[in-house]
Amino acid sequence: MEVHIQKNRLRLISGDITKVKTDCIVNAANGTLYGGGGVDGAIHRAAGPKLLDECKVIRKEQLKGEYLPTGEAVMTKGYELPAKFVIHTVGPIWDGKDVDEKGKLLAHCYRNSLLLAKEKGLHSIAFPSISTGAYRFPIEMAAEIALKEIIQFLQEETFGDVYMVLFSEKDYNIYKQTLERLMENV
Ligand code: AR6
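All values derive from a computational prediction rather than experimental measurement. (Residues numbered from 1 in each chain as written. Predicted model: local features only at pLDDT ≥ 70, side-chain atom pairs only at ≥ 80, totals over all residues. Heavy atoms only, no water.)

Colleague: Can you help me understand helix α4 (residues 139-156) in this one?
Modeller: Three or four residues apart is the spacing at which side chains of an α-helix point the same way, because the helix has 3.6 residues per turn. With 18 residues, α4 should reach 26 Å at 1.5 Å per residue; the first-to-last C-alpha distance of 26 Å fits that figure. Within the sequence span of α4, burial applies to Ile139, Ala142, Ala143, Ile145, Ala146, Leu147, Glu149, Ile150, Ile151, Phe153 and Leu154. On the buried face of α4, the contacting elements are β1 (2-5), β2 (8-14), α3 (99-119), β6 (124-127), β7 (161-166) and α5 (169-183). (Helix = DSSP H or I, 4+ residues; strand = E, 2+ residues; numbered from the N terminus. Expected span 1.5 Å × (residues − 1). Buried < 20%, exposed > 50% of the residue type's maximum accessible area, 1.4 Å probe, protein only. Contact = heavy atoms within 4.5 Å.)

See the structure below:
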């Protein structure tokens, strides 16, 4: 499914984000930036070991040894990936508490990734469904937060192409229904 917002395009696809040839792809990382399971593991495997080396340098120099805070984003090269760059962001962990706060943090992941991509002069970005795997954020709620934030950004900025890459048909259909509903008010 594809929609046009101002001069931009938002497209939902199902598949593996490590195969997507955009200027950048977004990684649903954890604060260590040292890799993990899910999409994070897949991105590190496909990019090769230099990705971890650069993540370690970012932890040491840019983050002064601290974890990347939830909702923030940093950028590395894509190495062996078809995408030129990877934006690493950390989604909130869902525990059913502080729902508004968790929602805001998830929205920050999308906004900060989009702002970083724009600041670096990039014109295409692909997102996975952040926080809806190991971090257990309910996908219906996450889809609404993600798509609202992307739509708002594309209404305000001239960017290019935004892809949401959903890993299953079930996830794709949830995002599709949510996007159809949100576009009625755009
Ligand atoms: N392409 C696109 N989407 C994928 C892929 C892929 N190759 N692989 C998985 N997904 P998750 P989180 C989907 O768990 O919930 C890691 O260990 C997956 O089906 O990857 O933000 C990190 O290191 C789900 O819909 O990320 C963190 O510790 C979505 O990506 C933690 O998991 C997100 O699932 C982050 O958890």
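Now, onward.
Colleague: So what exactly am I meant to see when it comes to the state of the cysteines here?
Modeller: A covalent bond between the sulfur atoms of two cysteines is referred to as a disulfide. The full count for this structure, using the stated rule, is 0 disulfides. Free cysteine Cys24: the closest other cysteine sulfur is in Cys109, separated by 14 Å. For Cys109, a relative accessible area of 0% corresponds to the buried category. (Disulfide = S-S within 2.5 Å.)

Colleague: Before we go on, may I ask you to explain the site of the ligand in this structure?
Modeller: For the ligand, the set of nearby residues contains 21 residues, the closest of which are Asn30, Gly37, Asp40, Gly133 and Ala134. A distance of 2.8 Å is found between an oxygen atom of the ligand and a backbone nitrogen or oxygen belonging to Gly37. Between the ligand and the protein, one listed contact pairs an oxygen atom with a backbone N or O atom of Tyr135 at 3.0 Å. Contact with the protein chains covers 88% of the free accessible surface of the ligand, which is 700 Å². Of all the secondary-structure elements, those providing two or more residues to the shell around the ligand are β3 (24-29) and α1 (38-47). For the shell around the ligand, the element with the highest residue contribution is α1, accounting for 4 residues. A per-class count over the shell around the ligand returns 8 nonpolar, 10 polar and 3 charged. (Near = heavy atom within 4 Å. Polar contact = N/O pair within 3.5 Å; in protein donor to acceptor, adjacent residues only side chain to side chain. Areas by Shrake-Rupley, 256 points an atom, 1.4 Å probe, with all protein chains shown as cover. Nonpolar A, V, L, I, M, F, W, Y, C, P; charged D, E, K, R; others polar.)

Colleague: Looking at this structure, I do not really get the UniProt feature "domain: Macro" (unreviewed entry) in the protein. What am I missing?
Modeller: With numbering aligned to this structure, UniProt lists the feature "domain: Macro" (unreviewed entry) at residues 1-183. Annotated as residues 1-183, this span is 42% helix and 21% strand, and its ends, taken at the C-alpha atoms, are 12 Å apart. (UniProt positions renumbered as here; feature names shortened; annotations may be inferred.)

Colleague: Is there a simple way to explain the pattern of salt bridges in this structure?
Modeller: Pairing is possible between side chains of opposite charge, provided their charged atoms come close. Considering all chains together, one arrives at 12 salt bridges under this definition. Glu156 serves as the salt-bridge partner of Arg111, at 3.5 Å between the closest nitrogen and oxygen. Here Arg111 is found in helix α3, whereas its partner Glu156 is found in helix α4, with 45 residues between them in sequence. Using a relative accessible area of 46% as the deciding quantity, one classes Glu156 as partly exposed. Its salt-bridge partner being Lys176, residue Glu180 comes within 3.1 Å of it at the nearest N-O pair. With Glu180 and Lys176 both in helix α5, this residue pair falls 4 residues apart, about one helical turn. (Salt bridge = Lys/Arg side-chain N within 4 Å of Asp/Glu carboxyl O.)

Colleague: Sorry if this is basic, but what is going on with the sheet that holds β1 here?
Modeller: Neighbouring strands of a sheet are bound in pairs by backbone hydrogen bonds; such pairs are parallel or else antiparallel. Judged by pairing direction, the sheet is mixed, and its 7 strands sit side by side in the order β1-β2-β7-β6-β3-β5-β4 without closing on themselves. Every other strand in the sheet has two partners, leaving β1 and β4 (73-77) as the edge strands with one partner each. Strand-to-strand twist of the sheet, defined as the mean angle between neighbouring strand axes without regard to direction, takes the value 25 degrees. Across 4 bridges, β1 lies against β2 in antiparallel orientation. The residue of β2 that forms the bridge with Glu2 is Arg11. Packed on one face of the sheet, helix α2 (residues 50-62) meets β4 and β5 (85-90) and runs near 140 degrees to β4. Together, β1, β2 and β7 form the strand contacts of α5, whose direction differs from that of β2 by roughly 150 degrees. (Pairing = 2+ DSSP bridges. Axes fitted to C-alpha atoms, helices over the stretch in contact; angles between N-to-C directions.)

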